[in-house]
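Summary of the model geometry
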Amino acid sequence: MESITAEFVETISALVEFWINMTQSAATTENTNIIETFGDPYGFVINIRKNSTKNNALEMRLFAKDRQATPQGVYFYIPADKYTDKWAHIAFVISEADQKGYVYVNGELLGVTNAVGGYYGNFKADGITARALNVGGAFWSSPKFLGKLADFRIWSVARSAQQIKDNYNKHIEGNATGLYINYKFLTYERGFINDANP
């Protein structure tokens, strides 16, 4: 899969969700980038990293920062057996209202952590320019993603646990509230169609 770029709006609550099926080689290659907009402290990154709490096991890491005076990491690790050589739906939520981050796998809650003030946002340091979105890699020389993605969506709202559970296994159609990016990846064409209407 190739990297692409797109810009999306500033938000302090957010949801990134997608279906993924990674090959064994990609799932065991450290720093493989899957999706990212990160430029510390803005944006987010989803990649393969060592989990120091599990003897440096290589796992999917979902990472962003909150809105404290000194922004802190909001992150989760997902064990490789959840998405290696099988399909899994991942949802990474940061809620300003709850001051929490959540991660769901196949519609079920996997973890909760603090996210003071919500999501830092996707703007560069100038506060004006939106950070580019890279799918399948990054502009620097990180290992590229080998695997499959489907129904990749970015929301400018923190959808509820029930909304995620009710809709994770469905295509989202039309102008759903807060849906900013909706790549279904239904064809093999090189161009990507954003089915959302921001």
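Before reading further, recall that the structure is shown in the block above.
Residues numbered from 1 in each chain as written. Predicted model: local features only at pLDDT ≥ 70, side-chain atom pairs only at ≥ 80, totals over all residues. Heavy atoms only, no water.

Let's talk about the sheet that holds strand E11 (residues 179-183)
Strands sit in the order E8-E7-E6-E1-E10-E11 across an open sheet of six strands; the sheet is antiparallel. Each having just a single partner strand, strand E8 (108-114) and E11 make up the two edges of the open sheet. Shown here is a sheet whose adjacent strand axes are inclined to one another by a mean of 15°, direction ignored. Where strand E6 (residues 88-95) and strand E7 (residues 100-105) come together, six bridges link them in antiparallel fashion. (Pairing = 2+ DSSP bridges. Helix = DSSP H or I, 4+ residues; strand = E, 2+ residues; numbered from the N terminus. Axes fitted to C-alpha atoms, helices over the stretch in contact; angles between N-to-C directions.)

With respect to the pairing of strand E10 (residues 147-155)
Burial within E10 is extensive, with seven of its nine residues counted as buried. Sheet topology note: the strand E1 (residues 14-22)/E10 ladder contains seven bridges and is antiparallel. In the sheet register, Leu-15 faces E10, and the bridge partner there is Trp-155. When E10 meets E11, the two strands line up antiparallel, connected through four bridges. Paired with Ile-154 across the strands is Ile-181, a residue of E11. (Buried < 20%, exposed > 50% of the residue type's maximum accessible area, 1.4 Å probe, protein only.)

Details of the pairing of E6
With respect to burial, E6 is a largely interior element, eight of its eight residues being buried. By the alternation rule, side chains of E6 split into Ala-88, Ile-90, Phe-92 and Ile-94 and His-89, Ala-91, Val-93 and Ser-95, which are all buried. Between E6 and the antiparallel strand that follows it, E7, lie four residues; Gln-99 among them carries a positive phi value of about 60°.

Concerning the side chain of Ser-13
Within the secondary structure, Ser-13 sits in the segment before E1. When its relative accessible area of 13% is taken as the criterion, Ser-13 is described as buried. There is a polar contact of 2.8 Å between the side chain of Ser-13 and the backbone nitrogen of Glu-96. Beyond its immediate stretch of four places on either side in the chain, Ser-13 contacts Ile-94, Ser-95, Glu-96, Ala-97, Tyr-119, Trp-155, Ser-156, Val-157 and Ala-158. (Polar contact = N/O pair within 3.5 Å; in protein donor to acceptor, adjacent residues only side chain to side chain. Contact = heavy atoms within 4.5 Å.)

Remarks on the pattern of salt bridges
Counting across every chain of the model gives six salt bridges. Between Glu-30 and Lys-50 there is a salt bridge, and its shortest N-O distance comes to 3.9 Å. With a gap of 20 residues between them, Glu-30 in the loop between helix H1 (24-27) and strand E2 (33-36) and Lys-50 in strand E3 (residues 44-51) connect regions that are remote in the sequence. When the shortest N-O distance is used, the salt bridge between Lys-65 and Asp-40 registers 2.9 Å. Of this pair, Lys-65 sits in strand E4 (residues 57-65) while Asp-40 sits in the loop between E2 and E3, and the two are 25 residues apart along the sequence. Among the charged side chains, a salt-bridge network with shared partners connects Glu-17, Asp-151 and Arg-153. (Salt bridge = Lys/Arg side-chain N within 4 Å of Asp/Glu carboxyl O.)

Side note on the sheet that holds strand E5 (residues 73-78)
Two pairing modes exist for strands in a sheet, parallel and antiparallel, and in both the strands are linked by backbone hydrogen bonds. Judged by pairing direction, the sheet is antiparallel, and its five strands sit side by side in the order E5-E4-E3-E2-E9 without closing on themselves. Looking at which strands have only one partner, the edges of the open sheet turn out to be E5 and strand E9 (134-135). As judged from the two bridges shared by E2 and E9, these two strands associate in the antiparallel manner. Note that in E9 the partner of Glu-36 across the bridge is Asn-134.

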